[in-house]
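If you want the building blocks of each chain, they are given just below.
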Amino acid sequence: EVQLVQSGGNLVLPGGSLRLSCAVSGFTVNNNYMTWIRQAPGKGLEWVSLIHSGGDTHYADSVKGRFTISRDKSNNTLYLQMNSLRSDDTAIYYCARVRLAAHFDFWGQGTLVTVSS
Amino acid sequence: DIQMTQSPSSLSASVGDRVTITCQAGQDIRKFLNWYQQKPGKAPKLLIYDASKLEAGAPSRFSGSGSGTYFTFTISSLQPEDIATYYCQQYDNVPPSFGGGTKVEI
């Protein structure tokens, strides 16, 4: 059974840092494209970052230079390191698998990041 | 970046009604479009991929069509459990982008 279990969301001060985790079972993270998507309170879905199976990474302009996507083969986990956090980064963050580099087919349960003083 | 415009932003229909949502892309995205369903407090769920292919396990009352810049998503007979927000999403280009969502109510 495929499961993506997220952790790491929290309340953080503006300018602070946070690392989100997405622990995967049922498939190998390194063999798949993986992505992060976020949803601000009461708003729609916004793509954040993508990592290819080969390791190439992509970022939304709004997070480029502040966020870093990575993965750990030993514990089959996807990460999102978030630095220089701003109030407009407040959102539920979801991880997802990208099947065939195209379809977001398995999702985590989401983790809430709140950036506020 | 490719802009995705969904309409309507919300709709109200009765059980058994046929419901149609449209999604327009800012440029030709061929058939590289997905549709997702998101129920309150839950993660989105893939329903339709490649514009018209039904995801395994999704009910057959859901369908999609279109190519290029104009796409439609249809619920053939609305059920109470279909109350949700529906999003289109293109993957022809990075960054992948979502429509603004359509909230479906009964």
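Our structure's up above, just so we're on the same page.
Below: a short report on this structure. Every value quoted in this text rests on a predicted model; they were computed, and no experiment measured them.

Attention now goes to the overall build of chain B. Scanning chain B from N- to C-terminus turns up zero helices and 11 strands. Counting from the amino terminus, helix and strand elements in chain B follow one another as β-β-β-β-β-β-β-β-β-β-β. For 106 residues, the compact-globule estimate of 2.2 N^0.38 gives 13 Å, and the C-alpha radius of gyration of chain B, at 13 Å, lies within 12% of that figure. Taken over the C-alpha atoms alone, chain B extends approximately 35 × 25 × 25 Å along its principal axes. Counting the 106 residues in chain B, one finds 51% classified as buried. Accessible surface for chain B amounts to roughly 4,800 Å². Of this, 46% is attributable to carbon and sulfur atoms. For chain B, the centre of its 9 positive side-chain charges and the centre of its 9 negative side-chain charges are spaced 5 Å apart.

A word on the packing of aromatic side chains. Residue and element names in this part refer to chain B. The final tally for this structure, using the stated rule, is 11 aromatic pairs over all chains. With 6.1 Å between their ring centres and 55 degrees between their planes, Tyr36 and Phe98 make a pair best called tilted. Placement of Tyr36 in strand β4 (residues 33-38) and of Phe98 in strand β10 (residues 97-98) is noted, with a sequence separation of 62 residues between them. Look at Tyr36 and you get buried, because its relative accessible area is 0%. Judged by its relative accessible area of 10%, Phe98 is buried. Measuring from centroid to centroid gives 5.9 Å for Phe62 and Phe73, while their planes differ by 20 degrees, and the two rings are stacked.

This part takes up the sheet that holds strand β3 (residues 18-25) of chain A. All names here are of chain A. Taken in spatial order, the four strands of this open sheet run β1-β3-β8-β7, and their pairing is antiparallel. Every interior strand has two partners, whereas the edge strands, β1 (3-7) and β7 (67-72), have only one. Taking the axes of each pair of neighbouring strands and ignoring which way they run, one obtains an average angle of 15 degrees across the sheet. Here β1 pairs with β3 via five bridges, running antiparallel. Each bridged residue has a counterpart across the sheet, and for Leu4 the counterpart in β3 is Val24.

Turning our attention to the state of the cysteines. Residues and elements named next belong to chain A. Per the stated rule, a full pass over the model turns up two disulfides over all chains. In this model, Cys22 is linked to Cys95 through a disulfide, with the two sulfur atoms separated by 2.1 Å. Across the S-S bond of Cys22 and Cys95 the torsion is about 70 degrees, and the bridge reads as right-handed. Linking Cys22 in strand β3 with Cys95 in strand β9 (residues 91-99), this pair joins segments that are 73 residues apart in sequence.

All names here are of chain B. Here four strands make up an open sheet; going across it, the order is β1-β3-β8-β7 and the pairing antiparallel. Of all the strands in the sheet, the pair left with one neighbour each is β1 (4-7) and β7 (62-67). If you compare each strand with its neighbour and ignore which way they point, the axes differ by 15 degrees on average. Pairing geometry for β7 and strand β8 (residues 70-75), over six bridges, is antiparallel. In the strand pairing of β8, Ser63 is matched with Thr74.

Attention shifts here to the pairing of β7 of chain A. All names here are of chain A. Relative to strand β8 (residues 77-82), β7 runs antiparallel, the two sharing six bridges. The partner of Arg71 across the bridge, within β8, is Leu78. Between β7 and the antiparallel strand that follows it, β8, lie four residues; Asn76 among them carries a positive phi value of about 50 degrees.

Bringing the side chain of Thr22 of chain B into the picture now. All names here are of chain B. Tracing the backbone through its elements, the reader meets Thr22 in strand β3 (residues 19-25). Under the relative-accessibility criterion, Thr22 is labelled buried at 16%. At 2.8 Å, the side chain of Thr22 and the side chain of Ser7 are in polar contact. In this structure, Thr22 is in contact with Thr5, Gln6, Ser7, Trp35, Tyr70, Phe71 and Thr72, ignoring residues within four places of it in sequence.

This next bit is on the environment of Ser65 of chain B. All names here are of chain B. Examined against the element boundaries, Ser65 turns out to sit in strand β7. Ser65 gets classed as partly exposed once you look at its relative accessible area, which sits at 34%. As a C-alpha pair, Ser65 and Ala51 span 14 residues in sequence and 5.6 Å in three-dimensional space. Not counting residues up to four positions away in its chain, the partners in contact with Ser65 are Ala51, Tyr70, Phe71 and Thr72. In this structure the side chain of Ser65 is engaged in a polar contact, spanning 2.7 Å, whose partner is the side chain of Thr72.

About the criteria used
- Residues numbered from 1 in each chain as written.
- Chains lettered and ligands numbered in written order.
- Predicted model: local features only at pLDDT ≥ 70, side-chain atom pairs only at ≥ 80, totals over all residues.
- Heavy atoms only, no water.
- Helix = DSSP H or I, 4+ residues; strand = E, 2+ residues; numbered from the N terminus.
- Rg over C-alpha atoms; globule rule 2.2 N^0.38 Å.
- Buried < 20%, exposed > 50% of the residue type's maximum accessible area, 1.4 Å probe, protein only.
- Areas by Shrake-Rupley, 256 points an atom, 1.4 Å probe, with all protein chains shown as cover.
- Lys, Arg positive; Asp, Glu negative; His and termini not counted.
- Charge placed at Lys NZ, Arg CZ, Asp CG, Glu CD.
- Phe/Tyr/Trp six-rings, centres within 6.5 Å; stacked < 30°, edge-to-face > 60°.
- Pairing = 2+ DSSP bridges.
- Axes fitted to C-alpha atoms, helices over the stretch in contact; angles between N-to-C directions.
- Disulfide = S-S within 2.5 Å.
- Polar contact = N/O pair within 3.5 Å; in protein donor to acceptor, adjacent residues only side chain to side chain.
- Contact = heavy atoms within 4.5 Å.

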